[in-house]
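Take a look at the letters that make up each chain.
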Amino acid sequence: MPIPATWSPRLLALLRIVTGITFLHHGVSKFFNIPPFTMPLNPMLYAAGTLELVGGALIIIGLFTRPVAFILSGMMAVAYFMVHAPQSLYPSANGGEAAILYCFIFLYLAAAGAGAWSVDAARNRA
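Bear in mind the structure is a predicted one, so any value in this text is a computation, not a measurement.

Counting secondary structure elements, the protein chain contains six helices and zero strands. Reading the protein chain from its N terminus to its C terminus gives the helix and strand order α-α-α-α-α-α. Reported as C-alpha extents along the three principal axes, the dimensions of the protein chain are approximately 45 × 30 × 25 Å. In the protein chain, which comprises 126 residues, the proportion classed as buried is 33%. For the protein chain, the proportion of contacts with a sequence separation of at least 24, taken over those separated by at least 6, is 63%. If you sum the accessible surface of the protein chain, you get close to 7600 Å²; carbon and sulfur atoms cover 75% of it.

Structure representation (structure tokens):
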């Protein structure tokens, strides 16, 4: 039995929230060592961690979703091509599956918006 189309805004919001939480976790790991982040932080990782913390939090609450998601999509494309692609042509071999998925989920959110349960939706109703 297919899911009714009326659920689309809620499922979009759920995708946004879960993606934001998992993305925020990367920044928490870098800055607060939960779980321990083993690499030393260089300026590029500081920038990435800041985008993960701030961007992840904004994505979770659904504030400025389209521009934030667009920036994060670009960040993940850069991360894939700078870090993962040089290691191997295949994402399963270079560890880049998450970067690719984040890139395209954020690109989708940039186009589709925040969905139902978001500050953006509340602001649009007001």
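Counting residues in each nonpolar core, the largest one holds 16 residues, and the members touching the most others are Phe23, Ile59, Leu72, Met76 and Phe106. Elements represented by at least two residues in this core include exactly helix 1 (8-32), helix 2 (43-61), helix 3 (65-84) and helix 5 (97-112).

We now examine the packing of helix 1 against helix 2. Between helix 1 and helix 2, the shortest axis-to-axis distance is 7 Å and the interhelical angle comes to 150 degrees. As helix 1 runs across helix 2, the sense of the crossing is left-handed. Here the contact of helix 1 with helix 2 is composed, by residue class, of 16 nonpolar, six polar and three charged.

To continue, consider the pattern of salt bridges. All chains considered together, the criterion is met by one salt bridge. In this structure, Glu52 and Lys30 form a salt bridge, with 2.8 Å as the shortest nitrogen-oxygen distance. Of this pair, Glu52 sits in helix 2 while Lys30 sits in helix 1, placing them 22 residues apart in sequence. Given a relative accessible area of 5%, Glu52 falls into the buried group. For Lys30, a relative accessible area of 11% corresponds to the buried category.

Under the counting rule described, the total for this entry stands at five aromatic pairs. Measuring from centroid to centroid gives 5.8 Å for Tyr102 and Phe106, while their planes differ by 15 degrees, and the two rings are stacked. Pair noted here: Tyr102 and Phe106 are both in helix 5, with a separation of four residues, about one helical turn. Of the two residues, Tyr102 and Phe106, neither departs from the other in class, the shared state being buried. In this structure an aromatic cluster arises from ring pairing among Phe23, Tyr102 and Phe106. Looking at Arg10, its charged tip hangs above the ring of Trp7, at a distance of 5.3 Å from the centre.

In this section: unusual backbone geometry. In this chain, Ile34 is followed by Pro35 through a cis amide linkage whose omega measures -10 degrees. When you line up the elements, Pro35 lands in the loop between helix 1 and helix 2. Backbone geometry at Asn33 places phi at a positive 60 degrees, although glycine is not the residue there. If you trace the backbone, Asn33 turns up in the loop between helix 1 and helix 2.

What counts, and where the lines are drawn
- Residues numbered from 1 in each chain as written.
- Predicted model: local features only at pLDDT ≥ 70, side-chain atom pairs only at ≥ 80, totals over all residues.
- Heavy atoms only, no water.
- Helix = DSSP H or I, 4+ residues; strand = E, 2+ residues; numbered from the N terminus.
- Buried < 20%, exposed > 50% of the residue type's maximum accessible area, 1.4 Å probe, protein only.
- Contact = heavy atoms within 4.5 Å.
- Areas by Shrake-Rupley, 256 points an atom, 1.4 Å probe, with all protein chains shown as cover.
- Core = buried A, V, L, I, M, F, W, Y, C linked by side-chain atoms within 4.5 Å.
- Axes fitted to C-alpha atoms, helices over the stretch in contact; angles between N-to-C directions.
- Left-handed = near helix turned anticlockwise from the far one by under 90°.
- Nonpolar A, V, L, I, M, F, W, Y, C, P; charged D, E, K, R; others polar.
- Salt bridge = Lys/Arg side-chain N within 4 Å of Asp/Glu carboxyl O.
- Phe/Tyr/Trp six-rings, centres within 6.5 Å; stacked < 30°, edge-to-face > 60°.
- Lys NZ or Arg CZ within 6 Å of the ring centre and 35° of its normal.

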